[in-house]
Amino acid sequence: TPMEPPMLVRLVTSSVQALWPLYAGGRIDSAQHIRQAQIDEAQQQFSLKQQAAFETLTQRYYGLVLARQVVGTRQKLEQALRRHLDQARKLEQQGQIAAVERLSAESAAAKAHVETLAAQRQSEIAELALANLVQPSTRFEPNQPLFIHSQLPPAEEFVQQTLATHPGLKLLAAKQQQADGLLTLEQGKRLPELFLFGNYSLYEQDTLAAKMAPDWLVGVGVKVPLVSRDGLSDTVQAATTTQVQVKQLLAQLRQDLTLLVEKSWREADLAREQYQALEVTERLAQENVRLREQAFRQGLGTSLDVEDAQSKLAGVLTQRQAAAYQYVVCLARLLTLCGRQDEFSHYQQSNRIEVAS
């Protein structure tokens, strides 16, 4: 008789398994460090944006202040030349000067008026630039004047604080931590893994095999990579290269920041010295205007002499205002670089020399 085929027995079981890694070649810690470094990087990027926004705001705010002061200077020049024109007309009527002197005064007054209009347009542009940065379609009336100080803190103080606190350095430090973690992560793939495991049977079919199997079991497992097709050598080399590049960038940034701080400090100090040096020139220009006007009234000078003296005085005032603006902008940059932009308001009020409009 033919043999009957053997009967197939289907075993049905249900169980819960659990794995708990004990050691994964340092990859778990590396992944956590990389994630924290990514968070730090995002925070430093936000800080850099804050610093850039503060520096831009300072430039535009005091750019408007400077533009308004230049308008005031041009208006004063125009008023002075119009007074000179009125005097020239009276002297011409009395026969003390020739018509050419009066015509020269008229030309100078007209030119001053055009320059005043140009300064007003520049002021309007500066106001639009500030409004677009802060709140469009809003008129601004700056209440803080230009200022300087009699002296600055040492440049070395700003350099040390910048190298200790600058977000760019912290951002690269976070990048370096990520590169270190990536290298450890890749190297850890070559190391054995150690883990706990457990199994608990929830359901067993009523069979002999099921009765012989344990209801639960626990143990320790080890996983050792012998052969890998993932190209670990290439990934480790890439991680090492990234690590070296970040270190080089960090060293270069420290040098660049040191140079930028020293450059900004010297520019601020030069602007301060220029403002103070022009004080004598301003007094000389004022005295020259007085003498030229007096000589013109007495018929000993020409209209051109008065116009030239008035223009020189306006030029000196504008130069001093521009030097003060340069000082404020450089000071704001210095404080921003070393993370002390919150102290700018203190510098606005403490021991300042206010620049008159």
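As a starting point, this report considers the structure included with it. All figures in this text were calculated on a predicted structure; none of them were measured in a lab.

Secondary structure assignment for the chain yields eight helices and five strands. Across the chain, helices and strands are ordered from the amino to the carboxyl terminus as β-α-α-β-α-α-β-α-β-α-α-α-β. Out of the 357 residues in the chain, the part that is buried amounts to 37%. When contacts within the chain are restricted to residue pairs at least 6 apart in sequence, long-range pairs at least 24 apart make up 85% of them. Surface exposure of the chain reaches about 21900 Å², of which carbon and sulfur atoms provide 55%.

Relative to the elements of secondary structure, Gln144 occurs in the loop between helix H2 (99-134) and strand S2 (147-149). A polar atom in the side chain of Gln144 sits 3.4 Å from the side chain of Gln349. Beyond its immediate chain neighbours, meaning those up to four positions away, Gln144 contacts Tyr61, Tyr62, Val65, Gln348, Gln349 and Arg352.

Attention now moves to the environment of Leu172. Relative to the assigned elements, Leu172 resides in helix H4 (residues 167-188). Residues Leu172 and Leu250 lie 78 residues apart in sequence; the distance between their C-alpha atoms is 6.1 Å. If we ignore the near neighbours within four places in the chain, the residues touching Leu172 are Val246, Leu249, Leu250 and Leu253.

The next point concerns the packing of H2 against helix H7 (residues 303-337). One can describe the packing of H2 onto H7 by two numbers: an axis separation of 8 Å at closest approach and a directional angle of 20°. Considered as vectors, H2 and H7 are oriented roughly parallel to each other. As H2 runs across H7, the sense of the crossing is right-handed. Note on element contacts: H7 touches H2 through Ser303, Leu304 and Glu307, opposite Glu101, Ser104, Ala105 and Ala108. Here the contact of H2 with H7 is composed, by residue class, of three nonpolar, two polar and two charged.

In this section: the layout of surface pockets. What the largest pocket holds in volume is close to 200 Å³. What lines the largest pocket is a set of 13 residues, and nearest its centre among them are Lys76, Ala80, Gln310, Leu313 and Leu317. If you list the elements that add at least two residues to the lining of the largest pocket, you get helix H1 (27-93), helix H6 (232-297) and H7. Of all the elements, H1 adds the most residues to the lining of the largest pocket, at five residues. Its residues placed into classes, the lining of the largest pocket shows six nonpolar, three polar and four charged. A volume near 150 Å³ is recorded for the second largest pocket. Considering the residues around the second largest pocket, the lining is formed by Arg74, Leu77, Leu81, Ala108, Lys111, Ala112, Glu115, Glu307, Ser311, Ala314 and Gly315. Sorting the residues of the lining of the second largest pocket by element identifies H1, H2 and H7 as the ones contributing at least two each.

Applying the stated criterion across every chain, the model contains five aromatic pairs. Consider the rings of Tyr62 and Phe147, whose centres lie 6.1 Å apart with planes at 75°: the pair is edge-to-face. Placement of Tyr62 in helix H1 and of Phe147 in strand S2 is noted, with a sequence separation of 85 residues between them. Across the pair, Phe147 and Tyr62 agree in class, each one buried. Taken together through their ring pairs, the aromatic side chains of Phe54, Tyr61, Tyr62, Phe147 and Phe344 make up a single cluster. Between Arg320 and the ring centre of Tyr275, over which it is positioned, the NZ or CZ distance is 3.9 Å.

Reading the values: the criteria
Residues numbered from 1 in each chain as written. Predicted model: local features only at pLDDT ≥ 70, side-chain atom pairs only at ≥ 80, totals over all residues. Heavy atoms only, no water. Helix = DSSP H or I, 4+ residues; strand = E, 2+ residues; numbered from the N terminus. Buried < 20%, exposed > 50% of the residue type's maximum accessible area, 1.4 Å probe, protein only. Contact = heavy atoms within 4.5 Å. Areas by Shrake-Rupley, 256 points an atom, 1.4 Å probe, with all protein chains shown as cover. Polar contact = N/O pair within 3.5 Å; in protein donor to acceptor, adjacent residues only side chain to side chain. Axes fitted to C-alpha atoms, helices over the stretch in contact; angles between N-to-C directions. Parallel < 35°, antiparallel > 145°, perpendicular 65-115°, else oblique. Left-handed = near helix turned anticlockwise from the far one by under 90°. Nonpolar A, V, L, I, M, F, W, Y, C, P; charged D, E, K, R; others polar. 1 Å grid on protein atoms, 1.4 Å probe; cavity = no way out; pocket = protein on both sides within 12 Å on 5 of 7 lines; lining within 4 Å. Points joined across faces, edges and corners; volume = space filled by probe spheres on them. Phe/Tyr/Trp six-rings, centres within 6.5 Å; stacked < 30°, edge-to-face > 60°. Lys NZ or Arg CZ within 6 Å of the ring centre and 35° of its normal.

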